[in-house]
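Commentary on secondary and tertiary structure
Chain residues, written in single-letter form:
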Amino acid sequence: MFALSEGVSNMPSTLPRPAYAVLSGLNAATVGVVALAAVQLSRGPASDGVGRVLVFVCGSAGLLYNALWYFPVLIVAAGLFALAADSGVFRRAVRRARGIVGRARRSSGSGGEDGQGTAPPTSSSSSPDGGGIRQQQQQQQEEEEGQNELPANAASAAADEPRVVPPERNLNMSWKAGLAVIAAFLTSFAAVMVLRATLRAPPLLYRLFANMYLAGTVIFGGGPVVIPLLREYVVAEGWVSPRDFLIGLAVIQALPGPNFNFAVYLGALTARGGGLPGFAGAAAAFAGIFAPGLALVQGTMGVWTAVRGRPRVGSLLRGVNAGAVGLIYTAVYRLWQIGYIDEGYQGGTNLGVEPWWVVVTATSYVGGMWFGVKPWASILLGAAMGLAWYGVESS
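Residues numbered from 1 in each chain as written. Predicted model: local features only at pLDDT ≥ 70, side-chain atom pairs only at ≥ 80, totals over all residues. Heavy atoms only, no water.

Let's talk about the packing of aromatic side chains
Heads up, the condition is: Pairing of aromatic rings covers Phe, Tyr and Trp, the last through its six-membered ring, and needs centres within 6.5 Å; plane angles under 30 degrees mean stacked, over 60 mean edge-to-face, and all others mean tilted. Three labels apply to residues, based on accessible area from a 1.4 Å probe with only protein chains included: buried if under 20% of the type maximum, exposed if over 50%, partly exposed otherwise in between.
In total, this model carries 16 aromatic pairs according to the counting rule given. Here the aromatic rings of Tyr70 and Phe71 are separated by 6.2 Å at their centres, their planes lie at 40 degrees, and the arrangement is tilted. Each member of the pair Tyr70 and Phe71 is classed as buried. Their ring planes at 50 degrees and their centres at 5.1 Å tell us that Phe245 and Phe262 sit as a pair that is tilted.

Now the structure itself:
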């Protein structure tokens, strides 16, 4: 990815039309690959009603607004919503609302019968004392149900078969050490974000590192989740052009390894655009996006054994995962909106402007879904289909 940034940074602003056709084919195929990843990653989080709602709502919310802080807030809110839903908060609220409406209807009906707003009690259950006892018993029953509820997904997570870890691979970290590592990381994260917000003119490399640090902290749910965040934290900042972002995205989809390596490419281009050595930007982006995950994994290993069986933890992580997967659909839409590059669309435009790119996207998606075509093969096929389109159009 660093070598690719060297080549892309030396590309002229205007390319030959065959090159635009290849790039558009790469982008269209990439949209199909990312869309397939979104569907496949949705199968777990969207296995129940709460997960489906979170995937849909977070995906929709991601389309409607963009900001540096917005995606992390959506992901955290999704986790809290799942926790509340699995704890029975919404279910009890609905029951109580129904009880209030029912009592209001009964009161209204009894008041209309005697014309005075009162009706004689016909049994002990309808008397004030009997009604209060019944209401108290119902409330106590609801509280007991809420305490004893165990979310199905969290219960299944807790009931997973124990993993056999070879002794040489066991870190043997205590929960106290794990909490210390997590606390140290959160302190560093707060310091990085506060400095970024308070410094009047922070250096470019520091802003790049801070953005990658934030992205590496909130990414949850799989590699494709990184795409909308990196686009927001780099392209929206004006550091990398949409065209260069799409070139790197197409190539990273065709290469082995994690999508986090995309940060090296973006960091190098950002530094060169600011008149700095590309290696410095690549190193800052690499450290920024990988450090949070390394720290959190080490710290979590110390406390995971103690909290893994708690259903509330499973509920929180389930919601966070669903929210993160929903944002992949946001990435699909935004990539679709800038995927077609040509002489008149230097910044990229909607792939639907030319029906052929829709066919390329569909081919990439169907090939991976039904015929097991690997992502790198889909990307190369998209480039070939782009050249074919140019040959037909120019003939």
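Structure's up, so let's keep going.
So, the side chain of Asp86
Our working definition: Strands are runs of DSSP state E lasting at least 2 residues, helices are runs of H or I lasting at least 4, and numbering of each runs from the N terminus. Pairs of N or O atoms are called polar contacts if they sit within 3.5 Å, as long as, within protein, a hydrogen donor faces a hydrogen acceptor (for residues adjacent in sequence, only side-chain-to-side-chain pairs).
For Asp86, the location among the structural elements is in helix H4 (residues 70-86). Classification of Asp86 as buried rests on a relative accessible area of 11%. At 2.8 Å, the side chain of Asp86 and the side chain of Ser315 are in polar contact. Reaching out from Asp86, the side chain makes a polar contact with the side chain of Arg318 at a distance of 2.6 Å.

Re helix H10 (residues 226-235)
The buried count for H10 comes to ten of ten residues, which makes it a mostly enclosed element. Of all the positions in H10, only Val226, Ile227, Pro228, Leu229, Leu230, Arg231, Glu232, Tyr233, Val234 and Val235 are classed as buried.

A closer look at the confidence of the model for the protein chain
Keep this limit in mind: You can read pLDDT as the predictor saying how much it trusts each residue, on a scale of 0 to 100. We call two residues in contact when some of their heavy atoms are within 4.5 Å.
Confidence along the protein chain averages 83 in pLDDT terms, with 84% of residues attaining 70 or more. Per-element confidence in the protein chain ranges from a low mean pLDDT of 46 for helix H7 (residues 152-158) to a high of 96 for helix H15 (residues 355-370). Counting contacts from residues 117-130, a segment whose pLDDT is below 50, to residues more than four positions away or on other chains yields eleven contacts.

A short note on a nonpolar patch on the surface
As a reminder, the rule being used: Only residues whose relative accessible area exceeds 30% and that form no salt bridge are eligible for patches; like-charged ones are grouped when within 9 Å, while nonpolar side chains (Val, Leu, Ile, Met, Phe, Trp, Tyr) are grouped when within 5 Å. Each accessible area is a Shrake-Rupley result for a 1.4 Å probe, and residues are judged covered by the shown protein chains and nothing else. One side-chain nitrogen of Lys or Arg within 4 Å of one carboxyl oxygen of Asp or Glu is enough to make a salt bridge.
Taken together, the side chains of Val53, Phe56, Val57, Phe81, Val89 and Phe90 present a nonpolar region at the surface, about 520 Å² in accessible area. Elements represented by at least two residues in the nonpolar patch include exactly helix H3 (49-64) and helix H5 (89-114). Of note, Phe81 is situated in helix H4.

Focus on the nonpolar core
Our working definition: Residues belong to one nonpolar core when they are buried, are Ala, Val, Leu, Ile, Met, Phe, Trp, Tyr or Cys, and are joined through side-chain atoms within 4.5 Å.
In terms of nonpolar packing, the biggest core is built from 75 residues, with Met212, Leu230, Phe245, Phe262, Tyr265, Leu266 and Leu335 touching the most fellow members. By residue number, the principal contributor to this core is helix H2 (residues 17-42), which donates eleven residues. Residues within four places of Phe245 in sequence aside, it is in contact with Ile227, Leu230, Arg231, Val235, Val240, Phe262, Leu266 and Leu335. Grouped together as the second largest cluster of nonpolar side chains are six residues, Val55, Cys58, Ala78 and Ala322 included.

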